[in-house]
Amino acid sequence: MPRLHRNGFTGENATVAVVGLGFDTSSPEFSDDVVRTKSFGSDGFDSGRHGTAVAEVVADTAPNASLILVDVDTMTQLARAADWVDAETNADVAVASLGLPVGPFDGESTLGRQIRQSDRHGTPWVVAAGNAGYRKHLNTTWRNTDGDRWLEFADGGDAVRIRSATGSVRVHVNWRDWPASDDNYDAYLQAWNGSAWVYVDQSENVQRGSQPPVEVLGARSARQYRLRIWKRSAAGNTSFDVFLNDGAQFVDHYDRAQSVKRPAVVEPVLAVGAVREGTTRLEPYSSRGPTVDGALKPEVVAPDQVDVAVYDSRPFAGTSAAAPHVAGVAALLVEASADPLSSAELRRTLRTTARDLRGTETNNRTGYGLVDAESAVDALSAVSLDACARVDAGGRYGYATDVRTVSGSCIVVTGDDARFDGNGHTLATGAEAGASAVRAANATNVTVVDARLRGRVGLNVTNGGVTLRNVSVEADEWALAVDARSTLYARDVTLANGTVGLAGTDVRLAGVGAPNATLDRRQVGPYLRLDDAPGERRENATVALRIHYGARVENESALGVWRYRDGSWTRVGGTVDSGENVVTVSLEPGGVVTLYGGSSGSGSGSRTATRRRPEPRRVGVA
């Protein structure tokens, strides 16, 4: 960030709407930058420290950006604020470090619709993902085996324990029947008085088809509590999402997944998780995705535990601190762009330039990775190309349209340190045999992002090093061809047709985690995602895989290629060449495939085991 500031990128001529819980508008950290204020709160502006801290982080990141401060107290006021930002301001980006523990968590609400409208009109929203990732969120499905109408939790008991460091607890019980439910559940809170559990609160809202599916409880009387849920009148087949307040934790059971709060769940909000400042360590409390309807969340992560004047010596922690950092970076992009950025272009730039933290991005923990302000600004200075080209020098190159060559390869790279941003467009070849959408020869540190490669050969690398990110490949001959002197790192690459031939000295494929169920067999190859590519599809397309399995496999007769699709594993065959240590197979796109050997323990077969998520590993695929 200091380099960008020294080079003149400070957010000049960019406007950020900061929506928060009160502000000290006289703060010397940003008072000179405030161009407008609006309060939807019942008591007008106050000197809220949280909102002030959020505005400070925006000002630290983009010190010359103009600020619009919008004060809210309630969920209804937040929806009104989103509508006001859209209709009454010219904000280039809006940020909200707020999290609502009440659904719906699929983004389909009045608030979600207003944010989407604001985004369509040119104001993208950056929102904190929430701090419910550690012992503050519980997801469970209705179960009652003994017929007493009390929900049974994971251990079979009809209560789940809660611990409160302060003695205060607030519980939001949601079930997935939004926006109005006729499933009528009640919730009860018990406290431990030293000798027995006693009821201290109950929520018995009636749901008759026009009421929201939520119950809210609270107490301030103890350090230990229990939550119980009772079915008054319901089908008994729903899922529950329960959230706790800060200071309270579930003792026995909790769920990190699907812990992102509203409005971060809204598509296309840029939801932000938190990593500790100066490290790449994801904060344990940072909320995780996916959303209840399977969408990726968060999209990016940014630093927290940062210093702000309003908190004196105490660092500003949580995703509330991370989100305004991203909003500030967005303001720098608005300034750096020669042409006005659409909401989608701004989001895409932040995502595609994010820095890998775990080597497994994209995922529902860190999204696309750590926001990288310098890379994002540099990406906007890319040389614009509108035709296929030969590139013999490093730099950034971008496409604003689909391109195709009549003969030969489309992009030929012979210089190191070149990055190509496809921006969702197609790089295609003609029908000439061997023509490559991208060919890198004697070129290292070549990166291709957000592109569709089409033609005889998708990617051809000889004596070079290439990184692919968010790329789909559909080829008549070779989808990926990497020789033994080359390296390849592929993240979120979709292979829809062609042969995969990877003989590189260091080949890693990421973005494909283990499916929900894995086989009780020893995995000896990478996970490969073979999905239909976006755009036009050809009939009878196949992907030919040649998977190298190394020299340590003892029982080669047990080797086979397996596909995970529609919730289960199926062996799809494979021809073993024990001399070359290669298994080959041709199959149509769809699902995730890998190479399995014999049983990993006693016995054999396809018993479903527990979920696991392997780290990307060095693989040799010939």
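Parameters at a glance
- Residues numbered from 1 in each chain as written.
- Predicted model: local features only at pLDDT ≥ 70, side-chain atom pairs only at ≥ 80, totals over all residues.
- Heavy atoms only, no water.
- Pairing = 2+ DSSP bridges.
- Helix = DSSP H or I, 4+ residues; strand = E, 2+ residues; numbered from the N terminus.
- Axes fitted to C-alpha atoms, helices over the stretch in contact; angles between N-to-C directions.
- 1 Å grid on protein atoms, 1.4 Å probe; cavity = no way out; pocket = protein on both sides within 12 Å on 5 of 7 lines; lining within 4 Å.
- Points joined across faces, edges and corners; volume = space filled by probe spheres on them.
- Nonpolar A, V, L, I, M, F, W, Y, C, P; charged D, E, K, R; others polar.
- Core = buried A, V, L, I, M, F, W, Y, C linked by side-chain atoms within 4.5 Å.
- Buried < 20%, exposed > 50% of the residue type's maximum accessible area, 1.4 Å probe, protein only.
- Contact = heavy atoms within 4.5 Å.
- Phe/Tyr/Trp six-rings, centres within 6.5 Å; stacked < 30°, edge-to-face > 60°.
- Lys NZ or Arg CZ within 6 Å of the ring centre and 35° of its normal.
- Salt bridge = Lys/Arg side-chain N within 4 Å of Asp/Glu carboxyl O.
- pLDDT = per-residue confidence, 0-100.
- Parallel < 35°, antiparallel > 145°, perpendicular 65-115°, else oblique.
- Left-handed = near helix turned anticlockwise from the far one by under 90°.

Let us now look at the sheet that holds strand S1 (residues 15-20). Strand order in the open sheet formed by seven strands is S2-S3-S1-S4-S5-S15-S16, with parallel pairing between adjacent strands. What marks the edges here is a single partner per strand, and that holds for strand S2 (34-39) and strand S16 (300-304). In this sheet, neighbouring strand axes are inclined to one another by 25° on average, regardless of whether the strands run parallel or antiparallel. Of the pairings in the sheet, the one linking S2 to strand S3 (residues 66-71) comprises five bridges and is parallel in character. Residue pairing in the sheet places serine 39 in a bridge with aspartate 71 of S3.

Here the second largest pocket is characterised by a volume of approximately 920 Å³. Lining the second largest pocket are 29 residues, with Leu21, Gly99, Pro101, Asp246 and Lys261 positioned closest to its centre. Counting only elements with at least two residues in the lining of the second largest pocket, the list comes to helix H3 (75-88), strand S8 (169-175) and helix H5 (319-336). For the lining of the second largest pocket, the per-class residue count stands at 13 nonpolar, 11 polar and five charged.

This part takes up empty space enclosed by the protein. Counting across every chain of the model gives two cavities of 30 Å³ or more. Put simply, the second largest cavity is a space of about 40 Å³. If you trace the second largest cavity, you find it lined by Phe105, Asp241, Gln258, Ser259, Val260, Val265, Pro290, Thr291 and Val292. Here the lining of the second largest cavity is built from residues that sort into five nonpolar, three polar and one charged.

With 45 residues, the main nonpolar core has Val16, Val18, Val126, Phe316 and Val326 as its most contacted residues. Among the elements that line this core, the one with the most residues is H5, at 10 residues. Once residues within four sequence positions are removed from consideration, phenylalanine 316 is found in contact with His50, Ala53, Val54, Val57, Asp304, Gln305, Val306, Val308, Tyr311 and Ala321. With 32 residues, the next largest nonpolar core counts Leu385, Ala418, Val482 and Ala490 among its residues.

It is worth spelling out the packing of aromatic side chains at this point. Using the criterion set out here, one finds 15 aromatic pairs in the structure. Arranged with centres 5.4 Å apart and planes meeting at 45°, the rings of tryptophan 142 and tyrosine 185 form a pair that is tilted. Of the two residues, tryptophan 142 sits in the loop between strand S6 (137-141) and strand S7 (160-164) while tyrosine 185 sits in strand S9 (residues 184-192), which places them 43 residues apart along the sequence. Grouped by ring-pair contacts, the aromatic residues Trp142, Trp175, Tyr185 and Phe240 constitute a single cluster. It is lysine 38 that lies over the ring of phenylalanine 40; its NZ or CZ is 5.4 Å from the centre. Geometry around tryptophan 150 places arginine 228 over its ring, the cationic atom sitting 3.8 Å from the centre.

A few words on the pattern of salt bridges. The full count for this structure, using the stated rule, is 17 salt bridges. Between aspartate 450 and arginine 348 there is a salt bridge, with the nearest N and O atoms lying 3.5 Å from each other. Separated by 102 residues along the polypeptide, aspartate 450 in strand S25 (residues 446-462) and arginine 348 in helix H6 (residues 343-352) bring together distant segments of the chain. With a closest N to O distance of 3.8 Å, aspartate 476 and arginine 456 form a salt bridge. Of the two residues, aspartate 476 is situated in strand S26 (residues 465-482) and arginine 456 in strand S25; the sequence distance between them amounts to 20 residues. When its relative accessible area of 41% is taken as the criterion, aspartate 476 is described as partly exposed. By relative accessible area, which is 23% here, arginine 456 ends up partly exposed. Among the charged side chains, a network of salt bridges with common partners joins Arg3, Glu374 and Asp378.

So, about the sheet that holds strand S13 (residues 239-244). As a general point, the strands of a sheet are linked pairwise by backbone hydrogen bonds and lie either parallel or antiparallel. Spatial strand order, S6-S13-S8-S11: four strands in an open sheet with antiparallel pairing. Each having just a single partner strand, S6 and strand S11 (214-219) make up the two edges of the open sheet. On average, each strand axis in the sheet is inclined to that of its neighbour by 15°, with strand direction left out of account. In terms of strand pairing, S8 meets S11 through six bridges, oriented antiparallel. Counted as the bridge partner of valine 173 is glutamate 215 from S11.

All right, on to the confidence of the model for the chain then. Taken as a whole, the chain shows an average pLDDT of 86; of its residues, 86% reach a score of 70 or greater. In the predicted structure, residues 503-513 sits below a pLDDT of 50 and forms 53 contacts with residues beyond four places in sequence or in another chain. Residue range residues 532-539 is modelled with pLDDT below 50. Its contacts to residues more than four positions away, or to other chains, number 22 contacts.

Glancing now at H6. With respect to burial, H6 is a largely interior element, seven of its 10 residues being buried. Taken together, the buried positions of H6 are occupied by Ser343, Leu346, Arg347, Thr349, Leu350, Arg351 and Thr352.

Let us now look at the side chain of serine 409. On the secondary structure map, serine 409 appears in the loop between strand S20 (403-404) and strand S21 (411-413). Among the residues examined, serine 409 registers a relative accessible area of 18% and is labelled buried. In this structure, serine 409 is in contact with Ala435, Ser436 and Arg439, ignoring residues within four places of it in sequence.

Turning our attention to the packing of H3 against helix H4 (residues 110-120). Interaxial distance between H3 and H4 falls to 9 Å at its minimum, and their mutual angle equals 15°. Here H3 lies roughly parallel to H4, going by the angle between them. Where H3 crosses over H4, the handedness of that crossing is left-handed. Contacts between H3 and H4 involve Leu78, Ala79, Arg80, Ala82, Asp83 and Asp86 on the former and, on the latter, Leu111, Gln114, Ile115, Gln117 and Ser118.

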